[in-house]
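# Notes for the structure review
Given next are the chains, with one letter for each unit.
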Amino acid sequence: MAIQIRKTLLQVESVLIEGDRASSQPLTLYTAAAVVTNPWAGRGYVEDLRPEIHTAAPVLGELLTKMIIDAVGSGDAVEAYGKTAVVGLNGELEHASALIHTLRFGNHYREAVGAKSYLAFCNTRGGANAPIMIPLMDKNDEGRRSHYLTIQTAIPDAPAANEIVVALGASVGGRPHHRIGNRYQDLEEMGRDVGNPAAI
């Protein structure tokens, strides 16, 4: 069964001033979202979600990745990236997770931007106008704290009870005036190994 896409949304946010101080490099945040019919809604408990995952996830991954890359201008220009899904009230969190936690979805984006880091994520449930939160991380360096960011947005009429909002996020630039150092400085100061930061 083909995925039903009701509408898409593209949002571009530019941060020019932070903390009453102009940024030397503006932070630009990009969101590409699709509002889709939940393929499992109204069917009760479905044990095997894979048929719909295999059908829907590649379509959504390709569509949303293209929206981001077209807006940014190139995959190389993307510095931080992330993904999210918000399932409507008649769905399970597993339904939101199913569409984004698969390589059939995420690899479209990873490959387009040349990423090495894992794709930061969020999956939640809510009604129309629910917060859509997309955590971001540097695409190649998980310890680069300047690019620990979160996009916040909402769609007034989505998700409906039988829908899922699926979205990708990107940044060009990091937090303006970032000055908390990076993860590696902490590890060095604490005498910890980068490969085993919890010393377990």
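The protein chain carries the name Peptide synthetase in an unreviewed UniProt entry, which gives Phyllobacterium brassicacearum as its organism.

What follows deals with the pattern of salt bridges. Proximity of charged atoms lets side chains of opposite charge pair with each other. Evaluated as defined, the whole model comprises eight salt bridges. Two residues, aspartate 157 and arginine 6, come together in a salt bridge whose shortest N-O distance is 3.0 Å. Note that aspartate 157 is positioned in the loop between strand 6 (149–153) and strand 7 (163–172) and arginine 6 in strand 1 (residues 5–18), a separation of 151 residues in sequence. Given the relative accessible area of 40%, arginine 6 is considered partly exposed. One salt bridge in this structure joins glutamate 52 and arginine 43, with 3.0 Å as the shortest N-O distance. Since its relative accessible area comes to 42%, arginine 43 is described here as partly exposed.

The next thing to look at is the pairing of strand 2 (residues 21–37). A regular strand carries its side chains on alternate faces of the sheet. Of the strand pairs in this sheet, strand 1 and strand 2 are connected by 12 bridges, and their pairing is antiparallel. From the neighbouring strand, serine 14 faces strand 2, where its bridge partner is threonine 28. The hairpin formed by strand 1 and strand 2 contains two residues between the paired strands, and glycine 19 there has a positive phi angle of roughly 60°.

Our next topic: helix 1 (residues 50–72). Three- or four-residue spacings in an α-helix give side chains the same orientation, since the helix completes a turn every 3.6 residues. Relative to the 33 Å expected for 23 residues at 1.5 Å per residue, helix 1 spans 32 Å between its end C-alpha atoms, a close match to the ideal helical length. The axis of helix 1 is deflected most strongly, by about 30°, at alanine 56, and proline proline 58 appears within four residues downstream. When we look at burial in helix 1, the residues that qualify are Glu52, Ile53, Ala56, Ala57, Leu60, Gly61, Leu64, Thr65, Met67, Ile68, Ile69 and Val72. Considering only its buried residues, helix 1 is in contact with strand 1, strand 2, helix 2 (93–100), helix 3 (103–113) and strand 7. Glycine 73 sits one or two positions beyond helix 1 and adopts a positive phi of about 115°.

Right, let's talk about the environment of glutamate 94 for a bit. By the element assignment, glutamate 94 lies in helix 2. Spatially, the C-alpha atom of glutamate 94 lies 8.7 Å from that of asparagine 123, the residues being 29 residues apart in sequence.

Ranked by internal contacts, the top residues of the largest apolar core, which has 34 residues, are Leu64, Ile68, Val78, Leu99, Phe105, Tyr109 and Val166. Those elements that provide at least two residues to this core are strand 2, helix 1, strand 3 (80–87), helix 2, helix 3 and strand 7. If one sorts the elements of this core by residue count, helix 1 sits on top with nine residues. Not counting the four nearest positions on each side in its chain, tyrosine 109 is found in contact with Thr65, Ile68, Val78, Tyr81, Gly82, Leu119, Leu168, Gly169 and Ala170. Within the second largest apolar cluster, 17 residues are counted, among which are Ile134, Leu136, Ile155 and Val165.

The next point concerns the side chain of lysine 139. Summarising the element assignment, lysine 139 is placed in the loop between strand 5 (132–138) and strand 6. Of the side chains bearing the opposite charge, aspartate 76 lies closest to the buried lysine 139, which forms no salt bridge; the N-O distance is 5.0 Å. A polar atom in the side chain of lysine 139 sits 2.9 Å from the backbone oxygen of valine 78. Not counting chain neighbours up to four residues away, the residues in contact with lysine 139 comprise Gly75, Asp76, Val78, Glu79, Ala80, Tyr81, Val113, Ala115, Lys116 and Ser117.

Calculation rules
- Residues numbered from 1 in each chain as written.
- Predicted model: local features only at pLDDT ≥ 70, side-chain atom pairs only at ≥ 80, totals over all residues.
- Heavy atoms only, no water.
- Salt bridge = Lys/Arg side-chain N within 4 Å of Asp/Glu carboxyl O.
- Helix = DSSP H or I, 4+ residues; strand = E, 2+ residues; numbered from the N terminus.
- Buried < 20%, exposed > 50% of the residue type's maximum accessible area, 1.4 Å probe, protein only.
- Pairing = 2+ DSSP bridges.
- Expected span 1.5 Å × (residues − 1).
- Bend = angle between axes of the 7 residues up to and from the residue.
- Contact = heavy atoms within 4.5 Å.
- Core = buried A, V, L, I, M, F, W, Y, C linked by side-chain atoms within 4.5 Å.
- Lys, Arg positive; Asp, Glu negative; His and termini not counted.
- Polar contact = N/O pair within 3.5 Å; in protein donor to acceptor, adjacent residues only side chain to side chain.

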